[in-house]
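# Understanding the architecture of this molecule
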Amino acid sequence: MTAYRAAVRRTVAVTPLMRRITLGGESLRDYSGSGLPDESCRVVFPGEITRNYTIRRRDPAAEEIDIDFVLHDGGVASAWAAAVEPGAEITISGAPAGKYHPAPDVPWRRLIGDATALPAIGRAVEELPAGARALVVVVVDNPNERQTFDTQGDVDIEWVYARSGDAGDALRRIACDRDLPEGPGYTWVAGEAAATRDIRRRFRHTFGLTADRYDTVGYWRLGAERWERRYQEVAGIVDPKLAAADAIEDDEQYFDAVDDIYAEVGL
Ligand SMILES: Cc1cc2nc3c(=O)[nH]c(=O)nc-3n(C[C@H](O)[C@H](O)[C@H](O)COP(=O)(O)OP(=O)(O)OC[C@H]3O[C@@H](n4cnc5c(N)ncnc54)[C@H](O)[C@@H]3O)c2cc1C
């Protein structure tokens, strides 16, 4: 996998809990994008620890990308982002990829996410064609975490306030308990992984939505350390089943199978 070395050029506080880091370097001129607004890269932190982050802004001519980091308690990535100064070097890798794919003629799109999804939501809103209808609901810690976006779209943004430990439940309520606008739209949900997993199952199995009507993406996990400990205990059972599931070609059937494998062992 190609690695791109870059240096921190500048930092800015987007909000008290969101720090924008502009990375620059010659190698970023060749770092081509997927064109999807939720495209992400893998950032390699000291100790070879990797985490996924959305590319909030790309400027090949200036050899720059912006990444917006949520500052939270614990975590290598968050601690790095909170403290880093211009000049520090970092590596990014991975071909940028995303999942946001409403059909071009969709009458409305819903974007639902917690703070980690804001960079992708911001890009998606800013890239909307003139008049395109979007309903956006974002769960953030408090009103100081709201952001504004320039857009040609017809956009309603609602802010819901919850601490990170409650963000998943807020996402579940927003995604599953609200009436949808008329017509066949598209819903994109990203945020806490247990919540996005539940939401995908509800969309598919309770509401009967077809796969072209939604995408859900787990961005982070509440209690990640507990999940990882349990995973290590049951890896011998889980890993062969996951390897077998790789043969399933249909994405949604694959996600169902993986959910079942994890659920059987309490993950
Ligand atoms: C495709 C994709 C795109 C992403 N884009 C972004 C982005 O643009 N900006 C962004 O900030 N994040 C983004 N994320 C989420 C980010 O990768 C995770 O939050 C990651 O876990 C942070 O790593 P860490 O080293 O700081 O914490 P970890 O070492 O992973 O976790 C340490 C502790 O912090 C907790 N934790 C982790 N993340 C959060 C959080 N956000 N809020 C509260 N507690 C948390 C964990 O439960 C754990 O207890 C994205 C994730 C994916 C998969």
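Calculation rules
- Within each chain, residue numbers correspond to sequence positions counted from 1 in written order.
- Selection of residues for local features in this predicted model requires a pLDDT of at least 70, selection of side-chain atom pairs for listing and counting requires 80 or more, and totals for whole chains, interfaces and linings are taken over all residues.
- Water and hydrogen atoms were dropped before computing side-chain values, which therefore reflect all heavy atoms in the structure.
- At least two DSSP bridges between two strands are needed for those strands to be called paired.
- Segments assigned H or I by DSSP are reported as helices when at least four residues long, segments assigned E as strands when at least two residues long, and all are numbered from the N terminus.
- Only the contacting stretch of a helix is used when fitting its axis, a line to C-alpha atoms as for every element, and angles between N-to-C directions run 0 to 180 degrees.
- Detection works on a 1 Å grid of protein atoms alone, calling trapped sets that fit a 1.4 Å probe cavities and calling open sets with protein on both sides within 12 Å along at least five of seven lines pockets, with lining residues defined by an atom within 4 Å of a point.
- Grid points are joined across faces, edges and corners, and a volume is the space filled by probe spheres set on the points.
- Each residue is assigned to one class: nonpolar for Ala, Val, Leu, Ile, Met, Phe, Trp, Tyr, Cys and Pro, charged for Asp, Glu, Lys and Arg, and polar for all the others, Gly among them.
- The criterion used for residue contact is that any of the two residues' heavy atoms lie within 4.5 Å.
- Take the buried Ala, Val, Leu, Ile, Met, Phe, Trp, Tyr and Cys residues and link them wherever side-chain atoms come within 4.5 Å; each set so joined is a nonpolar core.
- Exposed residues in this analysis have more than 50% of their type's maximum accessible area, buried residues have under 20%, and partly exposed residues fall in between, with area computed by a 1.4 Å probe over protein chains only.

This part covers the sheet that holds strand S12 (residues 214-220). Strand order in the open sheet formed by five strands is S10-S9-S8-S11-S12, and the pairing between neighbours is parallel. Each of the sheet's edge strands pairs with one partner strand only, and the pair in question is strand S10 (154-161) and S12. Each adjacent strand pair in this sheet contributes to an overall mean axis angle of 10°, direction not counted. Where strand S11 (residues 186-192) meets S12, six bridges bridge the pair, whose relative direction is parallel. Bridge pairing in S12 links glutamate 192 to tryptophan 220.

According to the stated counting rule, one finds one cavity of 30 Å³ or more in the structure shown. Considered as a void within the structure, the largest cavity measures approximately 30 Å³ in volume. For the largest cavity, the full set of lining residues is Lys99, Arg200, Tyr214, Asp215, Thr216, Glu252 and Phe255. Listed by contribution, the elements that provide at least two residues to the lining of the largest cavity are S12 and helix H6 (251-264). Here the element with the most residues in the lining of the largest cavity is S12; it accounts for three residues. Among the residues making up the lining of the largest cavity, the classes are represented as two nonpolar, one polar and four charged.

Strand order in the open sheet formed by seven strands is S4-S3-S7-S1-S2-S6-S5, and the pairing between neighbours is antiparallel. Looking at strand neighbours, the two that pair on one side only are strand S4 (49-54) and strand S5 (57-59), the edges of this open sheet. Each strand axis lies, on average, 35° off the axis of its neighbour in the sheet, ignoring direction. Relative to strand S6 (residues 64-70), S5 runs antiparallel, the two being bridged by three bridges. Bridge assignment links arginine 58 to a residue of S6, and that residue is isoleucine 65. Most of the contacts of helix H1 (residues 76-83) go to strand S2 (residues 18-24), to which it runs at about 80°, and overall it touches strand S1 (3-15), S2, strand S3 (40-45), S4, S6 and strand S7 (89-97).

Now for the nonpolar core. Judged by nonpolar contacts, the single largest core of 23 residues is most densely connected at Tyr100, Leu111, Leu118, Ile121, Val136, Val138 and Trp188. Among the secondary structure elements, those contributing two or more residues to this core are helix H2 (118-126), strand S9 (133-140) and S11. Broken down by element, the residue count for this core peaks at five residues, all from H2. Contact partners of tyrosine 100, with chain neighbours within four places excluded, come to Leu36, Pro37, Asp38, Arg109, Leu111, Ala124, Tyr186 and Trp188. Counting residues in hydrophobic clusters, the runner-up holds 21 residues, among them Tyr4, Ala6, Tyr53 and Val84.

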